[in-house]
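# Architecture and fold: a report
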Amino acid sequence: MMKKYAKVDERVRSIAAVKTGPVAFVRQQNTPRTAERQQTFRYGVVHATQNAEYPCIIKDLSADGARIALEGDIGLPPIVDFKVQTTPGMKRAAIVWQNEREVGLSFDIAGD
């Protein structure tokens with residue numbers, strides 16, 4: 001199992017040092033967070049389309065959302081599927097903001 005993620009591990013090492021800057025909001029979230037985010041350093045995968053998946057590092061995580069860092073400045077669609085590699089199943093997530101490599105995700109999507 002570890003061999004499967006060895007390439008991902010190698011590719012995402014540089015992601016951990018991502019610096020934040022001004023945030024470009026894709027969708028304004030007017031409500032405050034209902035769950036406190038916990039700082040973490042876990043691997044995840046963002047499935048943008050059926051054929052496009054991007055490894056990421058999960059920097060903050062809560063029941064309601066996450067802050068992730070991608071390998072590059074990747075334009076994501078407004079809704080993605082998100083998976084923490086050490087847990088079963090995927091979550092549907094809305095892109096709340098994206099700033100170059102960093103992305104804010106919300107798991108609180110109407111209709112889900």
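The following paragraphs examine the structure supplied in this document. Treat the numbers as computed from the prediction; the structure is a model and nothing was measured. (Residues numbered from 1 in each chain as written. Predicted model: local features only at pLDDT ≥ 70, side-chain atom pairs only at ≥ 80, totals over all residues. Heavy atoms only, no water.)

### Remarks on the packing of aromatic side chains
Inspection of the entire model under this criterion finds two aromatic pairs. Look at Phe82 and Phe107: their rings are 5.8 Å apart centre to centre, the planes differ by 25°, and that puts the pair in the stacked class. Here Phe82 is found in strand S5 (residues 79-84), whereas its partner Phe107 is found in the segment after strand S7 (102-106), with 25 residues between them in sequence. (Phe/Tyr/Trp six-rings, centres within 6.5 Å; stacked < 30°, edge-to-face > 60°. Helix = DSSP H or I, 4+ residues; strand = E, 2+ residues; numbered from the N terminus.)

### Brief notes about the nonpolar core
One finds Val46, Ile68, Leu70, Leu76, Phe82 and Leu105 to be the most contacted residues of the largest nonpolar core, which totals 19 residues. Of all the secondary-structure elements, those providing two or more residues to this core are strand S3 (53-61), strand S4 (65-70), S5, strand S6 (91-99) and S7. Excluding anything up to four places from it in sequence, Ile68 contacts Val46, Cys56, Ile57, Ile58, Lys59, Phe82, Arg101, Glu102, Val103 and Leu105. (Core = buried A, V, L, I, M, F, W, Y, C linked by side-chain atoms within 4.5 Å. Buried < 20%, exposed > 50% of the residue type's maximum accessible area, 1.4 Å probe, protein only. Contact = heavy atoms within 4.5 Å.)

### Examining the pairing of S3
In terms of residue burial, S3 counts as a mostly covered element, since seven of its nine residues are buried. Direction of pairing for strand S2 (residues 38-47) relative to S3: antiparallel, over a ladder of eight bridges. Residue pairing in the sheet places Val45 in a bridge with Pro55 of S3. For S3 and S4, the ladder comprises five bridges, and the chain directions are antiparallel. Residue Asp60 lies in a different strand from S4, and its bridge partner there is Arg67. (Pairing = 2+ DSSP bridges.)

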